Amino acid sequence: MKILKFGGSSVGNPDRIENVIKILKSYKNERIAVVFSAFQTVTDNLIKLGDLAKMSDESYLSLLEDVKEKHLNTINKLIPKLKTKKAVQYVNSLFDDLEGMLKGVYLLRELTPRTLDYLTSFGERLSCFIISEALNARHIKSEYVKASELVKTDSNFTYAKVNFDKTNKNIRKYFKTHKDKMQIITGFISSNDDGEITTLGRGGSDYTASIFGAALKVDEIQIWTDVDGILTADPRKVSDSYPLKAVTYEEAMELSHFGAKVIHPPTMLPALKSKIKIRIKNTFNPEYPGTVIIKRDKTVKFNLKGISSIDDIALLTIKGGGMVGVTGIASRLFTVLASLDINIILITQSSSEHSICLAILPKHTKEAKRIIEKEFKIEISEGKINEVNVEDNLSIIAIVGEDLRQTSGITGRVFESLGEAKININAIAHGSSQLNVSLVVSKNDLVESLNVLHKSLFLKGKRKVNLFVVGTGIVGGALMNIIDEQLSSFKEKQNIDFKLIGLADINKMIIKKEGIGFADWKRKLSRSRKKSDTKEFVSAIIELNLSNSILVDATASSALVKEYINILENGISIVTPNKVANSSKTLFYKGIRGAALKGKSEFRYETNVGAALPIIDSLKDLMKNGDEISKIEGVFSGTLSYIFNSLKEGKNFSDVVKVAKKKGFTEPDPRDDLSGLDIARKLLILIRETGVEIELEEIEVESLVPKKLQNVKEVDKFMEKLKEYDSEFEAMRERAEKNNKVLAYIAKYENGIATVKVEAVDIGHPCSSLTGTENIVAFNSKYYSDIPLTIKGPGAGPEITASGVLSDILKIVNSKGK
């Protein structure tokens, strides 16, 4: 047998309840009993009703009507009209009782704990009856169970203590005679020996499930929530967190104590004592196995399990030479704080006994400081103890796992990773239970600390890449298609998990922290209502502050380039085929590299020259090895390579340009290619890689666009008039052929002179044997003086360029993973 429990978020509306019913149907071959909380927001509204009535605020009547309407609407959506009578009558009857009770609160202006318990019990009584009727309407035999008739407690209203002897007998007796139907049990509520309603406090519905599970000695208790289980960290703070397969009861309690919200520690105690498994499942992802909470098996090694945090604490430090060797200091300290019910979250004492640090909630700071200084008034006046020092705006991080103390290297990795991130630790404590290492850091550093520690401790070998792509044209689109095709391969073979977080084109943009998805990025971007705004897009990336963020600039414009320095300084790496940045003025060129150093980010641009050919990286390697470049020469344009290779065959220049445009080898306006400016930029980039400071205007460029056609506005008109110049290009070709040479559009740098022009080269020259869109570059250097280092291959095409961009992305990922 199993006990299932569904919380308020699982039954937040009729659609979610339908989903829960589908889950319950899947247990048709098993015996189950199900505990439900009140519908989402109902308990909060019931408490609000009580507060309003207590203040004689008549607005409670309209809120009461809203709450009633919510339940009646749920009945109408879940139960066929002909079968709603019983549920409607029950709901109306309960609301009549509720209205009468609130009227009394309104008149007396009093809301006692006893009355509050009765008031809040309506939520579970309503939800469970409606769900039971909905199940019966679907021919799933079920029975509504008032837990208050079975679970017996003392009269400590709002946080009643369970009488397990009576409760266990009641539960076992009831279930012996109710075996044929699914039992739908009200969570959270119970009763005292006088039959008065009591409640079980925070996590009460989970506690109900644990109580029933332990009494019936079930095989498993399942807590259904809105997450896939207990995660390694809070997903709202650490996007890379992932569900754990299993934790021990003690680990679960430790994580919960330090802020994990999945389950409240006391609710586990009945299950813990009876050694019953508790499984955390996701109502919205029912196929996922979830996290199982089990008793520690000493034969199994348990290490790190999770990182949790208490976001806002204050640190009190009591120190002074008069504390050394004096007995009773700590005892007096704890006694005075206990007298005010101030809970100490963390304590650490120096080995010299010179100081004690305590972490408490900020709301207790003033009182704690006052009463401590009062207790040690004499010692403070005599100078033996200093006044209590208070540090606010702090957070506690707990690293949790069984046998943590015996796991070598954990503490070292914690200090190392936080040190590299320049995050200071205000205090540290190692729990005597060996279950956690606790750190106190500035609240401002909390999120970064959690991400740094999570990456260091849990993602060793796992690499998550958060991508932002600007420009979804032929290169950007091809890149996303390539990644989509290889997603599973990257995960399985390289342990790389790509996540597309942001997209922007000229019109629209979209950013989703949870991810957009590579398969349907076009549809999602087209549906976005957000107008594209470069500065806003960049600000959003920086604000998200996701680890391993990489921005791909697949545009050809300067709009995003202006933001490069800001992006890189904020630790976000950039990969781009866009040549604008590297061909800008030297000051900006250097500024980009300085920003990358400052932000510990990377700027990669292999596809600036030769698409995916390893030209820039090869040149960088030569320079790193101490080589000296004496000459750079080559054909750097796949478009012009194709054009001049076609001219060899005797074709007309205008026809060749037309075909190249049709095949997508040229820009929409072929003059952008024929001007030679793009090739000059590529040559400039290569020259700068050798350490030479040079500007674009220093390169001599021969344009292939006839002067009379440079100012023709319409592209089609330009293409038509280009035919008039075919004879000039044919004459050039014939002259070269007569001299046993071929034409090539060559970029060259030698002896401080940079040129881009048409040259007639000998047959056998490296640039004479190119075919199609091939590029070639030759480096002459100190090490390659006689025979140049030559790199040759396809230098154009969206898929080829996109593969080069992907290669740069992977280089960043692999360098970060070292």
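Please refer to the structure placed before this passage.
Criteria and cut-off values
Residues numbered from 1 in each chain as written. Predicted model: local features only at pLDDT ≥ 70, side-chain atom pairs only at ≥ 80, totals over all residues. Heavy atoms only, no water. Helix = DSSP H or I, 4+ residues; strand = E, 2+ residues; numbered from the N terminus. Rg over C-alpha atoms; globule rule 2.2 N^0.38 Å. Buried < 20%, exposed > 50% of the residue type's maximum accessible area, 1.4 Å probe, protein only. Contact = heavy atoms within 4.5 Å. Areas by Shrake-Rupley, 256 points an atom, 1.4 Å probe, with all protein chains shown as cover. Lys, Arg positive; Asp, Glu negative; His and termini not counted. Charge placed at Lys NZ, Arg CZ, Asp CG, Glu CD. Patch = residues over 30% accessible without salt bridge, like charges linked within 9 Å, V, L, I, M, F, W, Y side chains within 5 Å. Salt bridge = Lys/Arg side-chain N within 4 Å of Asp/Glu carboxyl O. Phe/Tyr/Trp six-rings, centres within 6.5 Å; stacked < 30°, edge-to-face > 60°. Lys NZ or Arg CZ within 6 Å of the ring centre and 35° of its normal. Core = buried A, V, L, I, M, F, W, Y, C linked by side-chain atoms within 4.5 Å. Pairing = 2+ DSSP bridges. Axes fitted to C-alpha atoms, helices over the stretch in contact; angles between N-to-C directions. Expected span 1.5 Å × (residues − 1). Parallel < 35°, antiparallel > 145°, perpendicular 65-115°, else oblique. Left-handed = near helix turned anticlockwise from the far one by under 90°. Polar contact = N/O pair within 3.5 Å; in protein donor to acceptor, adjacent residues only side chain to side chain. Bend = angle between axes of the 7 residues up to and from the residue. Nonpolar A, V, L, I, M, F, W, Y, C, P; charged D, E, K, R; others polar.

Caption draft 1: Local environment of the overall build of the protein. A tally of helices and strands in the protein yields 27 helices and 28 strands. In summary, the protein has a C-alpha radius of gyration of 36 Å against a globular reference of 28 Å for 818 residues, an excess of more than 25%. Taken over the C-alpha atoms alone, the protein extends approximately 115 × 85 × 55 Å along its principal axes. Across the 818 residues in the protein, those meeting the buried criterion constitute 52%. In the protein, 72% of the contacts between residues at least 6 apart in sequence involve partners at least 24 apart. Of the roughly 38100 Å² of accessible surface on the protein, a fraction of 49% belongs to carbon and sulfur atoms. Within the protein, the 105 negative side-chain charges are centred at a point lying 5 Å from the centre of the 118 positive side-chain charges.

Caption draft 2: Region of interest: a negative patch on the surface. A surface patch of negative charge is lined by Glu 65, Asp 66, Glu 69, Asp 96, Asp 97 and Glu 99. For the negative patch, the elements supplying multiple residues, two or more each, are α3 (60-78) and α4 (85-108). Mapped onto the elements of the fold, Asp 96 is located in helix α4.

Caption draft 3: Inspection of the packing of aromatic side chains at higher detail. This structure, assessed with the given rule, holds 16 aromatic pairs. With a centroid separation of 5.5 Å and 20° between ring planes, the pair formed by Phe 6 and Phe 36 is classed as stacked. A residue pair is termed long-range when its members are at least 10 positions apart, and Phe 6 in strand β1 (residues 2-6) and Phe 36 in strand β2 (residues 32-36) qualify at 30 residues. Taking the relative accessible area as the measure of exposure, Phe 36 reaches 0% and is therefore buried. What links up through ring pairs into an aromatic cluster is the set Phe 6, Phe 36 and Trp 224. One residue, Arg 593, lies across the ring of Tyr 589, its end atom 3.7 Å from the ring centre.

Caption draft 4: The arrangement of the nonpolar core in detail. With 72 residues, the main nonpolar core has Leu 551, Ile 632, Ile 643, Leu 674, Leu 683, Leu 686 and Ile 699 as its most contacted residues. No other element matches the seven residues that helix α24 (residues 677-689) contributes to this core. What Leu 683 contacts, discounting residues up to four positions off in sequence, is Ile 632, Phe 636, Ile 699, Ala 747, Lys 748, Tyr 749, Ala 754, Thr 755 and Val 756.

Caption draft 5: Summary view of the sheet that holds strand β25 (residues 741-750). Spatial ordering of the open sheet is given by β24-β26-β25-β23-β27-β28, a layout of six strands whose pairing is mixed. Edge positions in the open sheet fall to β24 (700-701) and β28 (789-794), since each of these has one partner strand only. As paired elements, strand β23 (residues 629-635) and β25 share four bridges and run antiparallel to each other. What sits directly across from Glu 633, in β25, is Lys 748. Taken strand by strand, helix α20 (residues 615-624) contacts β23, β27 (774-781) and β28, and its axis lies near 10° from that of β27.

Caption draft 6: Examining helix α27 (residues 798-816) more closely. Here α27 contains 19 residues, and its C-alpha end-to-end distance of 27 Å stays within 8% of the 27 Å for a straight helix at 1.5 Å per residue. Along α27, the residues classified as buried are Thr 801, Ala 802, Gly 804, Val 805, Leu 806, Asp 808, Ile 809, Leu 810, Ile 812 and Val 813. For α27, the secondary structure elements touched by its buried residues are β17 (463-470), α15 (474-494), β18 (496-504), β20 (549-553), β21 (573-575) and β22 (603-604).

Caption draft 7: Summary view of unusual backbone geometry. Phi is positive for Lys 275, close to 55°, though the residue is something other than glycine. Among the secondary structure elements, Lys 275 is positioned in the loop between α9 (269-273) and β9 (277-282). Judged by its relative accessible area of 59%, Lys 275 falls in the exposed class. Even without being a glycine, Asn 393 presents a positive backbone phi close to 60°. A relative accessible area of 36% places Asn 393 in the partly exposed class.

Caption draft 8: Broad picture of the packing of helix α21 (residues 638-647) against helix α22 (residues 653-662). The geometry of α21 relative to α22 is characterised by a closest axis approach of 10 Å and an angle of 140° between their N-to-C directions. Put simply, α21 runs oblique to α22. Classified by chirality, the crossing of α22 by α21 is right-handed. In this structure, α21 contributes Tyr 642, Ile 643, Ser 646 and Leu 647 to the contact, and α22 contributes Phe 653, Val 656, Val 657, Val 659 and Ala 660.

Caption draft 9: Seen up close, the side chain of Glu 563. Within the secondary structure layout, Glu 563 lies in the loop between β20 and α18 (564-569). Of the polar contacts made by the side chain of Glu 563, one reaches the side chain of Lys 535; its length is 2.9 Å. Among all residues touching Glu 563, those that are not within four sequence positions of it are Thr 534, Lys 535 and Val 538.

Caption draft 10: Quick peek at the sheet that holds β22. Strand order in this open sheet of six strands is β19-β18-β17-β20-β21-β22, and the pairing throughout is mixed. Looking at the sheet topology across the chains shown, the edges are occupied by β19 (509-511) and β22. One ladder, built from eight bridges, connects β17 with β18; its direction is parallel. Among the inter-strand pairings, Arg 463 is bridged to a residue of β18, identified as Ile 496. Where helix α17 (residues 534-544) meets the sheet, its contacts fall on β17, β18, β19 and β20, and the angle it forms with β19 comes to roughly 5°.

Caption draft 11: View of α15. The sharpest bend along α15 measures roughly 60° and falls at Gln 486. Here α15 has its buried residues at Val 475, Gly 476, Gly 477, Ala 478, Leu 479, Met 480, Ile 482, Ile 483 and Phe 490. Turning to α15, the residues buried within the fold contact β17, β18, α16 (521-527), β20 and α27. Looking one or two places after α15, you find Asn 495, whose phi comes out positive at around 60°.

Caption draft 12: Focus on the side chain of Thr 576. Mapped onto the elements of the fold, Thr 576 is located in the loop between β21 and α19 (586-599). Among the polar contacts made by the side chain of Thr 576, one reaches the main-chain amide nitrogen of Asn 578 at a distance of 2.8 Å. In this view, Thr 576 contacts Asp 553, Tyr 564, Phe 603, Arg 604, Tyr 605, Thr 607 and Asn 608; residues no more than four positions away in its chain are not counted.

Caption draft 13: Spotlight on the pairing of strand β11 (residues 306-319). Where burial is concerned, most of β11 is hidden: 11 out of the 14 residues are buried. Pairing geometry for β11 and strand β14 (residues 389-400), over nine bridges, is antiparallel. For Ile 313, the partnering residue across the bridge sits in β14 and is Leu 394. As paired strands, β11 and strand β13 (residues 355-360) are joined by six bridges and run antiparallel to one another. If you follow Leu 315 over to β13, its bridge partner there is Ala 359.

Caption draft 14: Representation of the packing of helix α10 (residues 329-339) against helix α11 (residues 365-375). Two elements in contact, α10 and α11, have axes whose closest approach is 10 Å; the angle formed by their N-to-C orientations is 135°. With respect to α11, the axis of α10 lies oblique. Between α10 and α11 lies a crossing of right-handed hand. Two secondary-structure elements touch here, α10 through Arg 332, Leu 333, Val 336, Leu 337 and Ser 339 and α11 through Ala 368, Ile 371, Ile 372 and Glu 375. Among the residues making up the contact of α10 with α11, the classes are represented as six nonpolar, one polar and two charged.

Caption draft 15: Broad picture of the environment of Lys 524. Assignment of secondary structure puts Lys 524 in helix α16. Accessibility expressed as a relative area gives 24% for Lys 524, which makes it partly exposed. Here the alpha-carbon distance between Lys 524 and Val 437, two residues 87 residues apart in the chain, equals 43 Å. Ignoring anything within four residues of it in the chain, the contact list for Lys 524 reads Ile 510 and Ile 516.

Caption draft 16: Seen up close, the pattern of salt bridges. Counted by the stated rule, this structure contains 40 salt bridges. Between Arg 370 and Glu 367 there is a salt bridge, with its nearest N and O atoms 2.9 Å apart. Here the residue Arg 370 and the residue Glu 367 both occupy positions in helix α11, the gap between them amounting to three residues, near one helical turn. Under the relative-accessibility criterion, Arg 370 is labelled partly exposed at 41%. Taken together, the salt bridges that share partners define one network made up of Asp 234, Arg 236, Lys 237 and Asp 311.

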